[in-house]
Amino acid sequence: MTSEPLAERPVSLEALPAGLFADEAGCPRCTWCQATPLYRHYHDHEWGFPVADDRRLFEKICLEGFQSGLSWLTILNKREGFRAAFAHFDAEQVAAFGAADVERLVQDAGIVRHRGKIESTINNAKRVLELRREFGSLAHYVWRYEPAVADRPERITREVARTLSTSAASVAMSKDLKKRGWSFVGPTTVYAFMQAMGLVNDHLEGCHARDAALQARAAFGVP
C-alpha cells in the first residue's frame with residue numbers, strides 16, 4: 001500500500017466513463033466510495049493495493065465475514081472498534097479467546113454484535129496458526145490464489161464490474177478454507193477480500209487509483 005498522495009488527473013464530467021465520479025478538483029474515482037471522505041481515503045490508499053502483512057490479511061478476511069448482509073462502509077466506520085475488540089487481529093491472541101471473551105464482545109457496541117461471526121473470528125484465528133505452520137505465513141497461502149492475467153477481464157468497466165462477485169480463484173480458495181475448518185468464507189466474501197488486498201485490481205478504467213494499484217502490484221514481491 002502506498003501512503004503517498006495519488007496524482008489527481010482533473011477531468012471534465014462529460015468525459016467520465018459510467019461508474020466514476022469526480023470530486024471538487026476533478027479527480028475521478030469509482031462511485032462506490034462517494035459517500036464519505038473516509039470511504040474515499042480507503043479507496044485511494046487501500047482497496048486494490050497488494051498486501052503481504054499477515055495481520056492485515058487476517059483482519060480483512062474477518063471483516064469481510066462481518067460485512068455479510070451489511071455495507072462495507074458500516075464495517076469501515078467500526079474498524080477501529082473491531083481492532084480494539086480483537087487485539088488488533090493478532091491471530092495468536094485471538095485464538096486464545098474463550099467463552100468470556102465471546103460474551104464480552106457480544107456486548108461491545110463498537111463492533112457488529114453477531115455471536116456467530118464473533119465465534120467465527122476466534123475459530124479462524126486458530127486456523128491461521130495452522131496455515132502458518134504449513135505454509136510459513138498466511139500471506140504465502142493467500143497469494144497462491146492470485147489469478148493469472150489470462151483469467152481476468154481485459155478491461156474493468158462498470159458493466160464488467162457488476163459481474164465480478166466471485167471468480168474461479170475465489171471459489172477454489174473458499175472451498176479450501178472451508179475444508180480446513182474456516183467459516184464465513186464463502187466465494188463472494190473471499191472475492192471481496194481478494195479485491196481489497198490487491199490479488200485483483202477492480203478499480204474501473206479511468207479511476208485515478210487504478211494505475212497506482214497496478215504500479216504497486218508491479219513492485220510487489222509475492223510472499
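Refer to the preceding data block for the structure.
From a predicted model like this one, the values you see are computed outputs, not experimental measurements. (Residues numbered from 1 in each chain as written. Predicted model: local features only at pLDDT ≥ 70, side-chain atom pairs only at ≥ 80, totals over all residues. Heavy atoms only, no water.)

### With respect to the side chain of arginine 29
Among the secondary structure elements, arginine 29 is positioned in strand 2 (residues 28-30). Overall, the relative accessible area of 5% leaves arginine 29 in the buried class. A distance of 2.8 Å separates polar atoms of two side chains, one belonging to arginine 29 and the other to aspartate 44. (Helix = DSSP H or I, 4+ residues; strand = E, 2+ residues; numbered from the N terminus. Buried < 20%, exposed > 50% of the residue type's maximum accessible area, 1.4 Å probe, protein only. Polar contact = N/O pair within 3.5 Å; in protein donor to acceptor, adjacent residues only side chain to side chain.)

### Here's the deal with the nonpolar core
One finds Phe58, Phe82, Phe86, Ile118, Met173 and Leu177 to be the most contacted residues of the largest nonpolar core, which totals 66 residues. If you tally residues by element for this core, the top one is helix 7 (residues 115-135), at seven residues. (Core = buried A, V, L, I, M, F, W, Y, C linked by side-chain atoms within 4.5 Å.)

### Quick word on helix 7
With 21 residues, helix 7 should reach 30 Å at 1.5 Å per residue; the first-to-last C-alpha distance of 30 Å fits that figure. Restricting attention to buried positions, one finds in helix 7 the residues Lys117, Ile118, Ser120, Thr121, Ile122, Asn124, Ala125, Arg127, Val128, Leu129, Leu131 and Phe135. Of the surrounding elements, those touching the buried residues of helix 7 are helix 2 (54-67), helix 5 (91-95), helix 6 (99-106), helix 8 (138-143) and helix 10 (168-179). Once helix 7 finishes, glycine 136 follows within two positions and takes phi at roughly 95°, a positive value. (Expected span 1.5 Å × (residues − 1). Contact = heavy atoms within 4.5 Å.)

### With respect to helix 10
Along an α-helix, residues three or four apart share an orientation, since each turn contains 3.6 residues. For helix 10, spanning twelve residues, the distance from its first C-alpha to its last is 17 Å, which sits close to the expected 16 Å at 1.5 Å a residue. Taken as a whole, helix 10 has its buried residues at Ala169, Ser170, Met173, Ser174, Asp176 and Leu177. For helix 10, the angular spread of buried residues about the axis comes to 170°, placing them on one side. What points out from helix 10, more than 90 degrees from its buried face, is the exposed set Ala168, Lys175 and Lys179. In this structure, the buried residues of helix 10 make contact with helix 2, helix 7, helix 8 and helix 11 (187-196). Glycine 181, located one to two residues past helix 10, shows a positive phi value of around 100°. (Arc of directions from axis to C-beta.)

### Topic: the layout of surface pockets
Gaps left between atoms are located by rolling a probe of water-molecule size over the structure's atoms. Within this model, the largest pocket holds a volume of roughly 600 Å³. Taken together, 24 residues form the lining of the largest pocket, with Trp32, Trp47, Leu164, Ala192 and Gln195 sitting closest to its centre. Among the elements of the structure, helix 1 (37-45), helix 2, helix 9 (158-161) and helix 11 are those that each provide at least two residues to the lining of the largest pocket. In terms of residues, the lining of the largest pocket owes the most to one element, helix 11, which gives five residues. (1 Å grid on protein atoms, 1.4 Å probe; cavity = no way out; pocket = protein on both sides within 12 Å on 5 of 7 lines; lining within 4 Å. Points joined across faces, edges and corners; volume = space filled by probe spheres on them.)

### A closer look at unusual backbone geometry
A positive phi angle is found at histidine 88, which is not glycine, with a value near 55°. Position of histidine 88 among the secondary structure elements: in the loop between helix 4 (79-85) and helix 5. Phi is positive for phenylalanine 184, which is not a glycine, with a value near 55°. Relative to the assigned elements, phenylalanine 184 resides in the loop between helix 10 and helix 11. Looking at phenylalanine 184, the relative accessible area reads 35%, which means it is partly exposed.

### Here's the deal with empty space enclosed by the protein
Applying the stated criterion across every chain yields a total of two cavities of 30 Å³ or more. Within this model, the largest cavity holds a volume of roughly 50 Å³. Every residue along the wall of the largest cavity is listed here: Ile61, Cys62, Gly65, Phe66, Lys117, Ser120, Thr121, Asn124, Ser183, Phe184 and Val185. Listed by contribution, the elements that provide at least two residues to the lining of the largest cavity are helix 2 and helix 7. Residue composition of the lining of the largest cavity, by class: five nonpolar, five polar and one charged. Lining of the second largest cavity is provided by Leu57, Ile61, Leu138, Tyr141, Val142, Met173, Leu177, Trp182 and Phe193. Contributions of two or more residues to the lining of the second largest cavity are made by helix 2, helix 8 and helix 10. The element that contributes the greatest number of residues to the lining of the second largest cavity is helix 8, accounting for three residues. (Nonpolar A, V, L, I, M, F, W, Y, C, P; charged D, E, K, R; others polar.)

### A short note on the packing of aromatic side chains
Overall, the coordinates contain twelve aromatic pairs when judged by the stated rule. Between the aromatic rings of tryptophan 32 and tyrosine 42, the centroid separation amounts to 6.4 Å while the plane-to-plane angle is 65°, which identifies the pairing as edge-to-face. You can see tryptophan 32 sitting in the loop between strand 2 and helix 1 and its partner tyrosine 42 sitting in helix 1, a full ten residues away along the chain. Accessibility expressed as a relative area gives 30% for tryptophan 32, which makes it partly exposed. A relative accessible area of 4% means that tyrosine 42 is categorised as buried. Ring geometry for phenylalanine 86 and phenylalanine 97: centres 6.3 Å apart, planes at 20°, overall stacked. Here phenylalanine 86 is found in the loop between helix 4 and helix 5, whereas its partner phenylalanine 97 is found in the loop between helix 5 and helix 6, with eleven residues between them in sequence. The exposure class of phenylalanine 86 is buried, given its relative accessible area of 0%. On the basis of relative accessibility, which here comes to 15%, the residue phenylalanine 97 falls in the buried class. (Phe/Tyr/Trp six-rings, centres within 6.5 Å; stacked < 30°, edge-to-face > 60°.)

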